[in-house]
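The lines below spell out each chain.
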Amino acid sequence: MVAAMVIGVVIRDARAVVAALADPETLYVFGVIAARTSKLGLRVSAGARSTPYVTPFGLMRETSLSRDVVEAAAARLRQAGLLEVLVDDERG
């Protein structure tokens, strides 16, 4: 299983970030990841809660997007430096 976390880093390429977030599906996925991993405890949906990571299945359930769309959005976010992907044994 793969999990995703929004990471707090200095943005080195603002154009890459803007280009990634200009895609509506990528922006939607980023928003759900940010809300789910927020320490503010905001609820995205009735059954959702804040966690330190989000799985592709959780994103599919939360957004109603296909796995291909979620993975493409995650790839764009990763390329822009807005997402860190962790394999199961790397999570703490």
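Thresholds applied
Residues numbered from 1 in each chain as written. Predicted model: local features only at pLDDT ≥ 70, side-chain atom pairs only at ≥ 80, totals over all residues. Heavy atoms only, no water. Helix = DSSP H or I, 4+ residues; strand = E, 2+ residues; numbered from the N terminus. Buried < 20%, exposed > 50% of the residue type's maximum accessible area, 1.4 Å probe, protein only. Contact = heavy atoms within 4.5 Å. Core = buried A, V, L, I, M, F, W, Y, C linked by side-chain atoms within 4.5 Å. Salt bridge = Lys/Arg side-chain N within 4 Å of Asp/Glu carboxyl O.

**Student:** Residue-level account of the overall build of the protein, with values.
**Tutor:** If you tally the helices and strands in the protein, you get 4 helices and 2 strands. In sequence order, the secondary structure elements of the protein are arranged as β-α-α-α-α-β. The buried share among the 92 residues of the protein stands at 34%. Partitioning the contacts of the protein with sequence separation of at least 6, the portion at a separation of at least 24 is 65%.

**Student:** Describe the nonpolar core, listing the residues and the values that go with them.
**Tutor:** Val-29, Ile-33, Leu-59, Leu-77, Ala-80, Leu-82 and Leu-83 are the most contacted members of the largest nonpolar core, which totals 16 residues. Counting residues per element, the ones that place at least two in this core are α1 (14-22), α2 (24-37) and α4 (67-79).

**Student:** Mind laying out the pattern of salt bridges, listing which residues take part and the relevant values?
**Tutor:** All told, the structure shown has 3 salt bridges when counted by the stated rule. Where Asp-23 meets Arg-76, a salt bridge forms, and the shortest distance between an N and an O atom there is 3.0 Å. Residue Asp-23 is found in the loop between α1 and α2, and its partner Arg-76 is found in helix α4; the two are separated by 53 residues along the sequence. Arg-67 is paired through a salt bridge with Glu-71; the nearest N and O atoms lie 2.6 Å apart. Of this pair, Arg-67 and Glu-71 both sit in helix α4, separated by 4 residues, roughly a single helical turn.

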